[in-house]
Amino acid sequence: MILLIASALALMGALAYWSKLRHAIHEAPQLHKRFRSNDRELEIVQNDPVQADLLAQPKQTEGTVVSVIVPAYNEVENIQDCLTSILDSTVLSAEVLEVWAVDDQSTDETLAIAHALQQQRHDPRLKVLAGQPKPEGEVWVGKNWACTQAAEQASGDFLLFLDADVRLKPGAIETAIHEAQQEQIDLLSCGPAIICGCLAEWLVQPLIISTILVGFNFQAVNDPQTETAFAAGPFMFFRRSAYEKIGGHRAVAGEVVEDVELSRRVKSSGLKLRYLLGSELAAVRMYRSWNALWEGWTKNLYAGSGRNLGAMLSFIGLILLVCTVPWTVLLVALVKFLWVGLSIREGLAIALSVITISLQYDVRRRSATVSQIPPRYWWLTGVGGALVGAIALGSIIKTETGWGWTWRGRSLKQI
């Protein structure tokens, strides 16, 4: 009887989740690349001579058109490829583009690699800033201090903040400029394609990304009449005037999940927020090992929910029910069948679990159109659900107590 009840509840939860995900994917607006680089020439895909002239020529205002800012703390594995992808993604000249790599007091060779790339390429667009220590007596966490230093040095009318693990695709910057200007957007944030490498990423990333899709409805986020706000930290494109109006990263100095808080400030200030899918513009591999994945998501997950304990506990229950329970029921029932046989109720529990498991595959298949994560290892969804549940619980404990709440060894606990 217990197996039948558990399998029935899991199926109902999976159906509800599947329905919401389908709706979210259907609504998800994709920002399509409008420009591409080919043999170092910019091809305008759509016949738009006004925008072509705007992008090709220096803006007749003080400063540059766009400043790209990459905060980097111990990014020895990423910094060179990230900066190279930015510089190679566009034909915009130094008159209209500057790329700031700001080292946030790294303890590895991040700064040296950035300087070496600068000397190697001799590209006037690339600027390297050695970040200063955080001001004494002030609370600064995460990348906020690094972003603030670079923003104060940058001269662009637009500021594009990228994480060091992002790889820009050709035409990304031009497309963002065009979209922001055409639609009068103050903050344009794009969800990049997600790259998975190690097994832990394949198990965890699809589930968390799908949950974000369900939890932060695109229509609600982009509707100025709602309070729902969200932004993807790896790619945030600000109009400079809007960034300064909300106080920039200085205003969220103590926020670990600064991207979401910045989006809330943009929306509450009456500015225009747009959150779009940007898989054609950028890709990101967020974490390269289980340890990095555990540290990263336990840092962000609970804080990103606004420290809503009830919501996070409900999430843990739901993810275990939908992902892990069906496989557990199936395994227990099959073991029982091999030893003592099955009753009708247990046979029905197996049937319900198989239906739920088929929905798990369909969820992975559908979400792949958004995240670009293929449904590889989908048959380990039960294990993935258990890992995500553990991450969520760990995030609650770390955030509330400060125990082990770190990013790359740097403590996030506010004293």
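Whatever comes next refers back to the structure up there.
Values in this document were obtained by computation on a predicted structure and should not be read as measured data.

Undergrad: Sorry, what's going on with the overall build of the chain here?
TA: In terms of helices and strands, the chain carries 14 helices and 14 strands. For a compact globule of 415 residues, the expected C-alpha radius of gyration is about 22 Å, and the chain comes in at 23 Å, within 12% of that figure. Taking the principal axes of its C-alpha atoms as reference, the chain extends roughly 80 × 55 × 45 Å. Each of the 415 residues in the chain was classed as buried or not, and the buried ones make up 54%. On the chain, the mean spot of the 37 positive side-chain charges and the mean spot of the 41 negative ones are 7 Å from each other.

Undergrad: Is there a simple way to explain the sheet that holds strand β9 (residues 193–194) in this structure?
TA: Each strand in a sheet pairs with another by means of backbone hydrogen bonds, the pair being arranged parallel or else antiparallel. On the basis of which strands lie adjacent, the open sheet formed by three strands has the order β7-β12-β9 and mixed pairing. With partners counted over all chains shown, the strands left at the sheet margins are β7 (166–168) and β9, one partner each. Where β9 lies against strand β12 (residues 282–284), two bridges are found, and the strand directions are parallel. Within β12, the position partnered with A193 by the bridge is A283.

Undergrad: I would appreciate a short explanation of the sheet that holds strand β4 (residues 97–103) in the present structure.
TA: With mixed pairing, seven strands are arranged side by side in an open sheet as β5-β4-β3-β6-β10-β8-β11. Pairing within the sheet leaves two strands with one partner each, and these edge strands are β5 (126–130) and β11 (273–277). Recorded for the sheet is a direction-independent mean angle of 20 degrees between the axes of neighbouring strands. Pairing analysis gives five bridges linking strand β6 (residues 158–162) to strand β10 (residues 235–239), with the strands arranged antiparallel.

Undergrad: Sorry if this is basic, but what is going on with the state of the cysteines here?
TA: Simply put, disulfide is the name for a covalent bond between the sulfur atoms of two cysteines. Summed over the entire model, instances satisfying the criterion amount to zero disulfides. No disulfide involves C82; its sulfur sits 12 Å from that of C147, the nearest cysteine. Just so you know, C323 is unpaired, no disulfide at all, and the nearest cysteine sulfur is the one on C196, 15 Å from it. According to the relative accessible area criterion, C323 is buried, its value standing at 5%.

Undergrad: Could you clarify how one ought to interpret the side chain of S210 in this entry?
TA: Mapped onto the elements, S210 comes out in helix α7 (residues 199–215). Note on S210: relative accessible area 3%, which makes it buried. Within the structure, S210 has its side chain in polar contact with the backbone oxygen of P206 (distance 2.8 Å). A distance of 3.4 Å separates the side chain of S210 from the side chain of S367, its partner in a polar contact. Once residues lying within four places of it in the same chain are set aside, the contact partners of S210 are Y17, L21 and S367.

Undergrad: Is there a simple way to explain the pairing of β4 in this structure?
TA: Along any regular strand, the residues point their side chains to alternate faces of the sheet. Of all seven residues that make up β4, seven are buried, and the element is covered over most of its length. The alternating pattern of β4 places L97, V99, A101 and D103 on one face and E98, W100 and V102 on the opposite face, and all of these are buried. Relative to β5, β4 runs parallel, the two sharing five bridges. Bridge pairing in β5 links V102 to L129. Tracing the backbone out of β4, into helix α4 (residues 110–121) and back to the parallel element β5 gives a crossover that is right-handed.

Undergrad: Where do I start with helix α11 (residues 290–304) in this structure?
TA: Three or four residues apart is the spacing at which side chains of an α-helix point the same way, because the helix has 3.6 residues per turn. For α11, which comprises 15 residues, the first-to-last C-alpha distance of 20 Å matches the rise-based estimate of 21 Å (1.5 Å per residue) to within 8%. At W297, α11 is deflected by roughly 25 degrees, the largest bend along its length. Within α11, the full set of buried residues consists of L293, E295, G296, W297, T298, K299, N300, L301, Y302, A303 and G304. Contact partners of the buried residues in α11: α7, α10 (258–268), α12 (309–340), α14 (381–401) and β13 (406–407). Residue G306 follows α11 closely and has a positive phi angle near 75 degrees.

Undergrad: What should I look at first to understand the packing of aromatic side chains in this one?
TA: Geometry of an aromatic ring pair is reported as the spacing of the ring centres plus the angle between the planes. In this structure the tally under the stated criterion is 15 aromatic pairs. With a centroid separation of 5.2 Å and 20 degrees between ring planes, the pair formed by F158 and F237 is classed as stacked. Highlighted residues: F158 in strand β6 and F237 in strand β10, separated in sequence by 79 residues. Judged by its relative accessible area of 1%, F237 falls in the buried class. With 6.1 Å between their ring centres and 70 degrees between their planes, Y287 and W297 make a pair best called edge-to-face. A residue pair is termed long-range when its members are at least 10 positions apart, and Y287 in the loop between β12 and α11 and W297 in helix α11 qualify at ten residues. Here a set of aromatic residues connected by ring pairs shows up, and it is made of F216, F218, F230 and Y275. Between the NZ or CZ atom of K299 and the centre of the ring of W407, over which it lies, the distance is 5.3 Å.

Undergrad: Looking at this model, I keep getting lost on a nonpolar patch on the surface. Mind explaining?
TA: Residues L331, V335, F337, L338, W339, V340 and L342 make up a contiguous nonpolar surface patch of roughly 820 Å² in combined accessible area. Note on placement: L338 falls in helix α12. On the basis of relative accessible area, L338 is assigned to the exposed category, the value being 68%.

Undergrad: It is not clear to me how the nonpolar core should be interpreted in this structure. Could you clarify?
TA: General note: in soluble globular proteins, nonpolar side chains tend to be found buried as a group. Counting 77 residues, the largest nonpolar core has L83, I86, I173, F235 and F237 as the members making the most contacts within it. Of the residues forming this core, the biggest block, nine residues, is contributed by α12. Excluding residues that lie within four positions of it along the chain, I86 makes contacts with V68, V70, V99, L162, L168 and I173. A28, V141, F230 and V370 belong to the second-largest nonpolar core, a separate cluster that totals 44 residues.

Reading the values: rules and limits
Residues numbered from 1 in each chain as written. Predicted model: local features only at pLDDT ≥ 70, side-chain atom pairs only at ≥ 80, totals over all residues. Heavy atoms only, no water. Helix = DSSP H or I, 4+ residues; strand = E, 2+ residues; numbered from the N terminus. Rg over C-alpha atoms; globule rule 2.2 N^0.38 Å. Buried < 20%, exposed > 50% of the residue type's maximum accessible area, 1.4 Å probe, protein only. Lys, Arg positive; Asp, Glu negative; His and termini not counted. Charge placed at Lys NZ, Arg CZ, Asp CG, Glu CD. Pairing = 2+ DSSP bridges. Axes fitted to C-alpha atoms, helices over the stretch in contact; angles between N-to-C directions. Disulfide = S-S within 2.5 Å. Polar contact = N/O pair within 3.5 Å; in protein donor to acceptor, adjacent residues only side chain to side chain. Contact = heavy atoms within 4.5 Å. Right-handed = clockwise from strand over helix to strand, strands pointing away. Expected span 1.5 Å × (residues − 1). Bend = angle between axes of the 7 residues up to and from the residue. Phe/Tyr/Trp six-rings, centres within 6.5 Å; stacked < 30°, edge-to-face > 60°. Lys NZ or Arg CZ within 6 Å of the ring centre and 35° of its normal. Patch = residues over 30% accessible without salt bridge, like charges linked within 9 Å, V, L, I, M, F, W, Y side chains within 5 Å. Areas by Shrake-Rupley, 256 points an atom, 1.4 Å probe, with all protein chains shown as cover. Salt bridge = Lys/Arg side-chain N within 4 Å of Asp/Glu carboxyl O. Core = buried A, V, L, I, M, F, W, Y, C linked by side-chain atoms within 4.5 Å.

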